[in-house]
Each structure stands twice: as structure tokens, then as C-alpha cells.
Amino acid sequence: MEFKSLPIGRVAISDKPSCSREIAEDAGVVSHGLSTADYRNYLIHLSDLYNISHRFEDTANDGTNKFLIRVAGTVVLAAELEFDMSGAWRIDIYENPTVTAQGTEVTPRNIQRRDASTINSRFFHTPTATGGTNISSTIAGARRNGYGGEHTAHWHLKEGEDYLIVLVNKSGATADASIQILAYEESPPLTSSTSSSTSSSTSSSTSSTSSSTSSSTSSSTSSTSSSTSSSTSSSTSSSTT
């Protein structure tokens, strides 16, 4: 059996004193023992990994291309971005841009080609969009074969949010560029640390206020009782005399 076909959570025992190149690369096994498939193979096994790609051709020097990601409101989009281009390009990613027009929709492809299921988030090339918070600024330079590549970190994009990728050709000549995204969707956390912190702070503040109020009330009651008792005793004594 190929180790690439094993989903996460399954194990396989290698009966050779040293593992094959395939095992070493995909499972990190250096000798006979247990190994598991990486997350991509697991998601493909579940038919939950999608490929989204687009190529921008013949972009003039200093020309700009844009790509828009619209994350569905009920999911977090885990996305691994890959850029390949001829010559040097500037790459910026903006969160929450102002979108005037979505552009042309790009169809996500399920990497498990025996499955026709789709993804909820949507993707567009050549949108009309500007602004937003810049969350990544990089430059992809040319390699020896004339093509540059830039792999960003594995992003977890916020539910219901828009993300704008801006590619600017700085190669000095007309050039091509492409974007490829490996993406899957997952449910957002049920609670967040911010919510927990706020709740804890509110609870602590309420408790402190309650304690202070109770202490103040108790002190006031004690003072009133003591004063009344003293006054009554003094009055009675004077009357008896």
C-alpha cells in the first residue's frame, strides 16, 4: 500500500530497516516504525481539499492584477497561497477591502476528482476593489530559470470577510503571473479567548461590586443599630433617674 493513501489517524508499519524516499518525505520516518499521512492527503481522502487557480497573462511592466477571496459567513477558510511569475512582482494582501465589483468568478476544483462537492467561499479575478488592512507585503524575484515563486504562510481567513490580493509587475517587461490556492473550510471556534476574558473580567467586576455593596450595607446597618441602641439606652437611663 502507498503511504500517501493513508489518512491521518491510520498507521502503517514499515518492515524495512530504512524507509523509502516516499515514506521519508511524506511521513518523516527514518527507519522502520509507524507513519501517518500529512494533512493534505487526509483532506483529499475526505474530499475536503480544493484547488483555486488563475493565470494573468501579458501584464505590462508596472501593471496591476487583482484577486478577491470572499470567505463564507459560517466558516474559517484555511488557505495556502502560491504565486508563480516571470520576473519580479510585488505581492500585497489586504483584509476587508472596499469592493465595488466582484469581477469574474473562479471555480474551485475538488482535488478528489471522483467527488463533485464544492466549497462555500467564493473567488474572483480582476475585481474592482481598493483599500483594506494590509496583512502581507512581499516581493517574488526571478530564479535562474526566469521564474519567481513566493509561498505565503498558511492563512486562516476570518469568516464572512473579504481578502484582496494585489500583484504588481516589476520585472521591467511584459510578464505572466499565476496564483494557486489550496483551501479547505472548517467551523469557527465556539468561543474565543477574547470572549472568555471579557466574561471573566465582567464576572470579577460584578463580584467585586457586589462584595463592596454588601460590605457597605452591612457596615451601615451595624452603625445604625449601634447608634439606635446607644440612644435608647441613654434615654431610658435619664428617665429612670
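Look up: the structure comes first, before these words.
1. Describing the nonpolar core
Part 1: Formed by 29 residues in total, the largest nonpolar core has its most connected members in Phe-67, Ile-69, Leu-77, Phe-123, Ile-165 and Ile-181.
Part 2: Secondary-structure elements contributing two or more residues to this core are strand 3 (50-59), strand 4 (64-70), strand 5 (76-86), strand 6 (89-95), strand 14 (162-169) and strand 15 (175-186).
Part 3: The contacts of Phe-123, once residues within four sequence positions are left out, are Ile-52, Phe-67, Leu-68, Ile-69, Leu-77, Thr-104, Glu-105, Val-106, Pro-108 and Ile-181.

2. Points about unusual backbone geometry
Part 1: One non-glycine residue, Asp-58, lies in the positive phi region at around 50°.
Part 2: On the basis of relative accessibility, which here comes to 59%, the residue Asp-58 falls in the exposed class.
Part 3: Despite not being glycine, Thr-126 has its phi angle at roughly 55°, a positive value.
Part 4: Residue placement: Thr-126 occurs in the loop between strand 10 (122-125) and strand 11 (128-130).

3. What to know about the pattern of salt bridges
Part 1: Summed over all chains, the structure comprises five salt bridges.
Part 2: Residue Glu-57 pairs with Arg-55 through a salt bridge whose shortest N-O separation is 2.7 Å.
Part 3: Note on Glu-57: relative accessible area 47%, which makes it partly exposed.
Part 4: Given the relative accessible area of 53%, Arg-55 is considered exposed.
Part 5: The partner of Arg-122 in a salt bridge is Glu-105, with the nearest N and O atoms 2.8 Å apart.

4. Points about the environment of Glu-186
Part 1: Within the secondary structure layout, Glu-186 lies in strand 15.
Part 2: Between the C-alpha atom of Glu-186 and that of His-156, which follows or precedes it by 30 residues, the distance is 9.5 Å.
Part 3: Those residues in contact with Glu-186 that sit more than four places away from it in its chain are Val-75, Val-76 and His-156.
Part 4: Among the polar contacts listed, one links the side chain of Glu-186 to the side chain of His-156, at a separation of 3.4 Å.

Cut-offs applied
- In every chain, residue numbers begin from 1 and rise along the written sequence.
- Side-chain atom pairs in this predicted model are given and counted only at pLDDT of 80 or more, local residue features only at pLDDT of at least 70, and totals for whole chains, interfaces and linings cover all residues.
- Side-chain numbers here rest on the full set of heavy atoms in the structure, without hydrogens or water.
- Only buried Ala, Val, Leu, Ile, Met, Phe, Trp, Tyr and Cys residues count toward a nonpolar core, and they belong to the same one when joined by side-chain atoms within 4.5 Å.
- Classification of residues uses two cut-offs on accessible area relative to the type maximum, computed with a 1.4 Å probe and protein chains only: under 20% is buried, over 50% is exposed, and between them is partly exposed.
- Only DSSP runs of H or I with at least four residues qualify as helices, and only runs of E with at least two residues qualify as strands; both kinds are numbered from the N terminus onward.
- Should any heavy atoms of two residues lie within 4.5 Å, those residues are counted as being in contact.
- A carboxyl oxygen of Asp or Glu within 4 Å of a side-chain nitrogen of Lys or Arg is what we treat as a salt bridge.
- Counted as a polar contact is a pair of N or O atoms within 3.5 Å, where, for protein atoms, one must be capable of donating a hydrogen and the other of accepting one, and residues adjacent in sequence contribute only when both atoms are in side chains.

By themselves, these are just geometric observations and shouldn't be taken as functional.
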